[in-house]
Each structure stands twice: as structure tokens, then as C-alpha cells.
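Single-letter residue listing:
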Amino acid sequence: MAIIITDECINCGACEPECPNTAIYEGADDWRYKDGTSLKGKIVLPDGTEVDAEAAQTPISDDIYYIVPGKCTECKGFHEEPQCAAVCPVDCCVPDDNHVESEETLLNRQAFLHNE
């Protein structure tokens, strides 16, 4: 499953540079599929949706750091554990029960994001 940042977040930013997929953004910041990935131009997401990887997407949160579920792989293919959770000083990076996914799905997403 993807990781979510709870409202206990103190906006320290420790998690953001640790994400190998650039799936973590500061509150109110736009995000893009191309950030931290090898995606460019028009792409078809694994769910069949066509998007422009370079187009700004609406922030998921305006107040605290947030994780884009479609870019989160729980660090599968990079690390043994989610790095955001490992560095969070207030333990607010937790599994997102609304985005439960298998290890295979997460590894496939990692390969998709990085053209492996």
C-alpha cells in the first residue's frame, strides 16, 4: 500500500529528500509525474489514464507535506523499508489503508516510473 502523511505532520521536510520517486511534496506545491522519474510527455498510466507527465497536478494537501499515491512504491526496488517513515521524527508517515497494493504492484510501479 502507499504511505500517507497524517495531520500530525510538523512540516519539518525530513521525508521529502528521502523519497526515491519524488512522491513527496510540500503542502500547496503542485506535483508532476516527471519529477524524480524518467517519465516525459504524454504517458499512459498503469490504470489506462493518459496524462502529460510534465503537466502540473493539483496538490493533495494545502497544509502539510503529502505523498502522491500513484508515485509511492513504499521504496520497493530501492530500500528495505519506506524511507519517509524511517526519518520522520513524529511517526506521521504511515500505511494508507485507502491504497492497499501488493508488492508486485509496487515493484511494477517502480519499474514504470523509472523505465526499467
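In short, a report on the structure. What you see is a predicted model; the values in this text were computed from it and never measured.

Let us now look at the environment of alanine 28. Looking at the element boundaries, alanine 28 is found in the loop between β2 (24-25) and β3 (42-44). On the basis of relative accessibility, which here comes to 42%, the residue alanine 28 falls in the partly exposed class. Alanine 28 sits 51 residues away from histidine 79 along the chain, and the two C-alpha atoms are 28 Å apart. Apart from residues no more than four positions distant in its own chain, alanine 28 is found in contact with Pro59, Ser61, Asp62 and Tyr66.

Look at asparagine 11: it is not a glycine, yet its phi comes out positive at around 60 degrees. Along the chain, the position of asparagine 11 falls in the loop between β1 (3-5) and β2. With relative accessibility at 36%, the residue asparagine 11 sits in the partly exposed group. Unusually for a residue other than glycine, alanine 28 sits at a positive phi of about 75 degrees.

Taken together, the side chains of Glu16, Glu26, Asp29 and Asp30 present a region of like negative charge at the surface. Following the sequence through the fold, glutamate 26 ends up in the loop between β2 and β3.

What counts, and at which threshold
Residues numbered from 1 in each chain as written. Predicted model: local features only at pLDDT ≥ 70, side-chain atom pairs only at ≥ 80, totals over all residues. Heavy atoms only, no water. Helix = DSSP H or I, 4+ residues; strand = E, 2+ residues; numbered from the N terminus. Buried < 20%, exposed > 50% of the residue type's maximum accessible area, 1.4 Å probe, protein only. Contact = heavy atoms within 4.5 Å. Patch = residues over 30% accessible without salt bridge, like charges linked within 9 Å, V, L, I, M, F, W, Y side chains within 5 Å. Areas by Shrake-Rupley, 256 points an atom, 1.4 Å probe, with all protein chains shown as cover. Salt bridge = Lys/Arg side-chain N within 4 Å of Asp/Glu carboxyl O. Lys, Arg positive; Asp, Glu negative; His and termini not counted. Charge placed at Lys NZ, Arg CZ, Asp CG, Glu CD.

That is the geometry; function is a separate question.
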